[in-house]
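An overview of the molecular structure
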Amino acid sequence: MPAFPSRRTVLLAAAIALTASTTAACGDPGDAGGRTTVRIAYQAIPNADLVVKNQRLLEQALPDVDVTWVKFESGGDVNTAVLAGAVDLGLAGSSPVTKGLSAPLNIPYKVVWIHDLIGDNEALVAKPGIGSVKDLVGKKVATPFGSTAHYSLLAALTAAGVDPSSVRTIDLQPQDALAAWKRGDIDAAYVWTPTLGELAKDGKVLVSSRQLAQQGKPTADLGVVTDAFAAKHPEVVTAWIKAQDRAVAQARTAPDQAAKSVGAELGLPVDEAKRQLSELVLLSAKEQAGPDYLGTPGAPGKLAANLHDAAVFLKGQKAVDAVPDVAVFGRALAVEELARATN
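**Examining the overall build of the chain**
When helices and strands are counted, the chain shows 17 helices and 13 strands. For 343 residues, the compact-globule formula gives about 20 Å, and the C-alpha radius of gyration of the chain, at 19 Å, lands near that figure. C-alpha extents for the chain along the principal axes are approximately 60 × 45 × 40 Å. For the chain, the residues scored as buried account for 55% of the 343 residues in total. When contacts within the chain are restricted to residue pairs at least 6 apart in sequence, long-range pairs at least 24 apart make up 77% of them. Total accessible area on the chain is roughly 13,600 Å²; 54% of this is exposed by carbon and sulfur atoms. Looking at the chain, you have 33 positive and 36 negative side-chain charges, and the mean spots of the two groups are 3 Å apart.

In structure tokens, the structure reads:
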């Protein structure tokens, strides 16, 4: 097989080096000569986070803060960067966040935002001739290990009665999976947009994350903040939540404007960006404070139970060492920060 993992390692190392150099220049992380610095990990996912980045909403709200955006290819890579002390805020899927809050990682961060509920924008696509998930036995299937797509792939195989060990699962980032697909090196891939759209042009969607959510295996893209940064710079976290909420409102009320920003970030025509944006479920800050999601101080939402359920599943797949108590996930919901930003 081509050495794609080494390319991924090089890219991740470069991203960490970039943010680490910022930290070194600042001395104490988060401060630079009296100015606060916030390092944000983002991904090429067509949600409101790209609106915040493209329209510089956070920079406008915090003119005295240095904002650094660093792109990562998956939530697993974001976890690595957080452990390296290279980022303060970031986007990671619910599966990587579950792993991050579980042993052996035990990352000191908390969930401060739900970027989106994953729907048809993440799916399992197979080559022509493969008609069902059961047909993947003995086949090569690519997905980024540790991602929500990986979690969903395992869930799809289990639901279809397929032993995951009977499938040759390969760790590839979306763009690398696309290249392998074009060469004929893989038979299927579980990835997200925009790569998903490229694979679906000549492949067949076997199952989507929206369908798996309906079967009790929901996934989401979550915003995390390190405990240390949240404690030291609450004003930045508040401004970031408000910027995200503003971007969600724009995606709902002015979708063409939001799609223009998403398209600019992803190199997509506005119409295609708008279509991909519509495949995700975006929640306002007020909605996220509801009992089904993050909840409120003293009353953590159902997201804690969802993360716990994911940990149980991942433990069964030997992807985590142990399942934390549901209270651990409840404490990891940044309900105080969300309440402060919505009052």
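Next comes the rest of the description.
**Considering the nonpolar core**
Counting 90 residues, the largest nonpolar core has Val-38, Leu-58, Val-112, Leu-124 and Leu-136 as its most contacted members. Counting residues per element, this core draws most heavily on helix 11 (residues 234-253), at nine residues. Once you skip the residues sitting within four places of it in the chain, Leu-58 turns out to touch Val-38, Ile-40, Val-52, Val-67, Ala-239, Trp-240 and Ala-243.

**Here's the deal with the packing of aromatic side chains**
Counted under the stated rule, the structure contains two aromatic pairs. Between Tyr-151 and Phe-313 the ring centres are 5.2 Å apart and the planes differ by 75°, which places this aromatic pair in the edge-to-face class. One end of the pair, Tyr-151, is in helix 6 (residues 148-159); the other, Phe-313, is in helix 15 (residues 303-316), with 162 residues separating them in the sequence. By the burial criterion, Tyr-151 is buried, and Phe-313 matches it.

**Describing the layout of surface pockets**
By volume, the largest pocket amounts to about 380 Å³. Forming the boundary of the largest pocket are 24 residues, of which Leu-117, Pro-218, Thr-219, Ala-220 and Asn-306 lie nearest the centre. Listed by contribution, the elements that provide at least two residues to the lining of the largest pocket are helix 5 (94-100), strand 5 (109-117), helix 9 (209-214) and helix 15. The residue makeup of the lining of the largest pocket, split by class, is twelve nonpolar, eight polar and four charged.

**Some remarks on empty space enclosed by the protein**
Going through the model one piece at a time under the given rule, you end up with one cavity of 30 Å³ or more. By volume, the largest cavity is sized at about 80 Å³. As for the largest cavity, its lining consists of 13 residues, of which Gln-43, Ile-45, Thr-148, Trp-192 and Asp-221 are closest to the centre. Counting residues per element, the lining of the largest cavity draws most heavily on strand 4 (residues 89-93), which supplies three residues. Here the residues of the lining of the largest cavity are counted per class, giving five nonpolar, six polar and two charged.

**Focus on the pattern of salt bridges**
The full count for this structure, using the stated rule, is twelve salt bridges. Residue Lys-110 pairs with Glu-337 through a salt bridge whose shortest N-O separation is 3.3 Å. Pair noted here: Lys-110 is in strand 5 and Glu-337 is in helix 17 (residues 335-342), with a separation of 227 residues, a long-range link. Assigned by exposure class, Lys-110 and Glu-337 land together as buried. Several salt bridges converge on common partners, so that one network encompasses Glu-272, Arg-275 and Glu-279.

**Details of the environment of Ala-156**
Mapped onto the elements, Ala-156 comes out in helix 6. Residues Ala-156 and Ala-179, spaced 23 residues apart in sequence, show a C-alpha to C-alpha distance of 24 Å.

**Thoughts on the pairing of strand 8 (residues 168-171)**
Bridging between strand 7 (residues 140-143) and strand 8 involves four bridges; their strand directions are parallel. Looking across to strand 8, one finds that Val-141 is bridged to Thr-169. As for the winding sense of the linkage, the β-α-β connection from strand 7 through helix 6 to strand 8 is right-handed.

**What about the environment of Thr-68?**
For Thr-68, the location among the structural elements is in strand 3 (residues 65-71). C-alpha separation for the pair Thr-68 and Ala-299, spaced 231 residues apart in sequence, amounts to 33 Å. Residue contacts for Thr-68: discarding those within four places in its chain leaves Thr-37, Val-38, Arg-39 and Ile-40.

**Some thoughts on unusual backbone geometry**
Of the consecutive residues Ala-103 and Pro-104, the connecting peptide bond is found in the cis state with omega at 10°. Position of Pro-104 among the secondary structure elements: in the loop between helix 5 and strand 5. Pro-194 follows Thr-193 through a cis peptide bond whose omega is 5°. Positionally, Pro-194 belongs in the loop between strand 9 (188-192) and helix 8 (195-200). Residue Arg-56 is not a glycine yet carries a positive backbone phi of 55°. Structurally, Arg-56 can be placed in the loop between helix 2 (48-54) and helix 3 (57-61). At Asn-106, a residue that is not glycine, the phi angle is positive and equals roughly 45°. Looking at the secondary structure, you find Asn-106 in the loop between helix 5 and strand 5. On the basis of relative accessible area, Asn-106 is assigned to the partly exposed category, the value being 48%.

Quick notes on the rules
Counting starts from 1 at the beginning of each chain's written sequence and moves along it residue by residue. The predicted origin of the model limits local features to residues at a pLDDT of at least 70 and limits the giving and counting of side-chain atom pairs to 80 or more, whereas totals for whole chains, interfaces and linings rest on all residues. Values reported for side chains reflect all heavy atoms of the structure, with hydrogen atoms and water molecules removed beforehand. Note on conventions: DSSP H or I runs of at least 4 residues are helices, E runs of at least 2 residues are strands, and numbering of each starts at the N terminus. What the globule rule says is 2.2 Å times the number of residues to the power 0.38, and the radius of gyration is computed from C-alpha atoms. Relative accessible area decides the class of each residue, using a 1.4 Å probe on protein chains only: under 20% of the type maximum gives buried, over 50% gives exposed, and in between gives partly exposed. Any pair of residues with heavy atoms lying within 4.5 Å of one another is described as a contacting pair. Every accessible area reported is derived by Shrake-Rupley at a probe size of 1.4 Å, with residue values counting cover from the shown protein chains alone. Counting rule applied: Lys, Arg positive; Asp, Glu negative; His and chain ends not counted. By convention, charge coordinates are those of NZ in Lys, CZ in Arg, CG in Asp, or CD in Glu. Here the nonpolar core consists of buried residues drawn from Ala, Val, Leu, Ile, Met, Phe, Trp, Tyr and Cys, with membership extended through side-chain atoms lying within 4.5 Å. Only Phe, Tyr and Trp rings take part, Trp by its six-membered ring, and two of them pair if their centres are within 6.5 Å. Stacked means planes under 30 degrees apart, edge-to-face means over 60, and tilted covers everything else. Of the grid points, spaced at 1 Å and generated over the protein atoms alone, those admitting a 1.4 Å probe that cannot get out make up cavities, while open sets with protein on both sides within 12 Å along at least five of seven lines make up pockets; any residue with an atom within 4 Å of a point is treated as lining. Grid points are joined across faces, edges and corners, and a volume is the space filled by probe spheres set on the points. Each residue is assigned to one of three groups, with Ala, Val, Leu, Ile, Met, Phe, Trp, Tyr, Cys and Pro labelled nonpolar, Asp, Glu, Lys and Arg labelled charged, and all others, Gly among them, labelled polar. Definition used for salt bridges: Asp or Glu carboxyl oxygen within 4 Å of a side-chain nitrogen of Lys or Arg. By definition, two strands form a pair when at least two bridges between them are found by DSSP. Crossovers are marked right-handed if the path from the first strand over the helix to the second runs clockwise, as seen with the strands pointing away from the viewer.

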